[in-house]
Amino acid sequence: MTSSLVSNGSASKVNPGGLRIAVVGPSHPFKGGVAAHTTQTAHALSAAGHDVQLVSWSRLYPHALYPGEQAVPDGGPDLPPYPDTVRPLRWDRPNTWWSTGKALREVDLVIVVVVVPIQVPSLLTLVRSIRVASRGLKVGSPRPRIVAIAHNVVPHETHPGGEMLIRQMLRSVDGIVVHSAEQARLAHELGLDRRPVVTVPLAPHLPGGLPDPAGRHLAATREPRAEGDPLRVLTLGMVREYKGYDLLLEATKGVPEVTVTVAGEQWGQAGERVRELAGDPGLAGRVDLQPGYVAGIDVPPLLAAHDVLALPYRHATASQNVLLGHAHGLPVLATSVGTFGEDVRDGVDGLLVPPGDVPALVAALKRLAAPGELDQLRAGLPDIDLAGPWARYVEALTGVTSVESRR
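Thresholds applied
Residues numbered from 1 in each chain as written. Predicted model: local features only at pLDDT ≥ 70, side-chain atom pairs only at ≥ 80, totals over all residues. Heavy atoms only, no water. Pairing = 2+ DSSP bridges. Helix = DSSP H or I, 4+ residues; strand = E, 2+ residues; numbered from the N terminus. Axes fitted to C-alpha atoms, helices over the stretch in contact; angles between N-to-C directions. Contact = heavy atoms within 4.5 Å. Phe/Tyr/Trp six-rings, centres within 6.5 Å; stacked < 30°, edge-to-face > 60°. Buried < 20%, exposed > 50% of the residue type's maximum accessible area, 1.4 Å probe, protein only. Salt bridge = Lys/Arg side-chain N within 4 Å of Asp/Glu carboxyl O.

Q: Can you break down the sheet that holds strand β11 (residues 308–311) residue by residue, with the values?
A: Pairing within the open sheet is parallel, and its 6 strands lie in the order β10-β9-β8-β11-β12-β13. Since the sheet does not close on itself, it has two edges, and those belong to β10 (287–291) and β13 (350–353), each with one partner. Neighbour-to-neighbour, the strand axes of the sheet open up by a mean angle of 20 degrees, direction not taken into account. Two strands pair when backbone bridges link them, and strand β8 (residues 231–236) and strand β9 (residues 258–264) are joined in this way by 6 bridges, in the parallel orientation. Within β9, the residue paired with leucine 236 across the bridge is alanine 263. The strands touched by helix α7 (residues 245–252) within the sheet are β8, β9, β10, β11 and β12 (332–335), with β9 carrying the most contacts at an inclination of about 160 degrees. Seen against the sheet, helix α12 (residues 358–369) touches β8, β9, β11, β12 and β13 and runs at an angle of roughly 165 degrees to β13.

Dropping the structure here:
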């Protein structure tokens, strides 16, 4: 990478015809889907022939806002780290925001990952620094294009001023990539029409990798559910109020032939609520709480031990979790929020229910537990393609500012 970028003591070769790109965002070994997706994005851009540096954080959030461990324990083998990664950014040192932006003044493209309002002041400072520093370049020298990946145009969990901060952030860039038509609509409502807004599905970054075989081919090797065996339902990931795991447990009380595993970190009020429900006499012996971070290496065996992946979210944006379940041979029970309504073919490879509707969840669980239903849905699972979505994602990121508008 060119010397204008933050130095990590090494330089990579610029490929002829490729762009010099800086991806700014959380990365492995920080936990969560966004960090994994950011890391995989850097890998995909590099594989496409671009010269890429991943510019990340050494301190991501204040502990008061994220009381759990923020990084994968011991670095964890969740996915390959991107080799050209530097970590100059710290939430508690504003000078790092400005100096990092200044160092990016000569790249062709800066991709900024936007997730939560708390990070907007730092990212806005970084963008402003890039703009100011690039004014000092020679006349005729190209200025960096700045593109935002907006995982949530409107934050999952509302906070005073949060929407205003996100809107301000997205107005500061040259183009925006979103992951669903609904997110593009929200961007339009926030008055972002003067920026190109490109909609492209969230490219997958499956923890533990893609099984072989995958999808319906893997499902065909599963043993049929024996008569009298419980239907084993899995929820996977950090317990958050918007994910609706409490609603699934409420519904499970009315379906005695179902067991539920809740695997993921449990803290805050949402975690308390799940633990309270797990102790309900109506769920005695039917809820397995597995608190703590689920490492990527542990995801495949966990999925293999269950029959259905449940996504009972109250609301959502885009998620790879439907693909994750399908890849591992599991039908998916999901609510019709975010992209789930597009990812799940109701009655073919899973079931869809309205969000926040416990009686609908009860009916869906009873249907899944009925003889033959699980086998029928397994037979309808799709083939899995990872290469195609990433090719389209790279094209969107590198081309978003070259068009007047895409929605």
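Q: Summarise the packing of aromatic side chains; cite the residues concerned and give the values.
A: Under the counting rule described, the total for this entry stands at 3 aromatic pairs. Ring plane angle 80 degrees and centroid distance 5.8 Å describe the contact between tyrosine 242 and tyrosine 313, whose orientation is recorded as edge-to-face. In this pair, tyrosine 242 sits in the loop between β8 and α7 while tyrosine 313 sits in the loop between β11 and α10 (321–327), placing the two residues 71 residues apart along the sequence. Here tyrosine 242 matches tyrosine 313 in class, with each residue buried. Both rings, one in tyrosine 313 and one in phenylalanine 340, keep their centres 5.2 Å apart while their planes meet at 80 degrees; by these two values the pair is edge-to-face. Remark: phenylalanine 340 occurs in helix α11 (residues 340–343) and tyrosine 313 occurs in the loop between β11 and α10; sequence separation between them is 27 residues. The exposure classification of tyrosine 313 matches that of phenylalanine 340, with both residues buried. The structure contains a cluster of three or more aromatic residues connected by ring pairs, namely Tyr242, Tyr313 and Phe340.

Q: How would you explain the pattern of salt bridges if you had to name every residue and give the values?
A: On inspection of all chains with the given rule, the structure shows 18 salt bridges. In this structure, the salt-bridge partner of aspartate 92 is arginine 90, at a minimum N-O distance of 2.8 Å. You can call arginine 90 buried: its relative accessible area is 15%. Here glutamate 241 makes a salt bridge to arginine 314, at a shortest N to O gap of 3.4 Å. Placement of the pair is glutamate 241 in the loop between β8 and α7 and arginine 314 in the loop between β11 and α10, with a sequence separation of 73 residues. Members of the salt-bridge network, linked through shared partners, are Glu250, Lys253, Arg273, Glu276 and Asp280.

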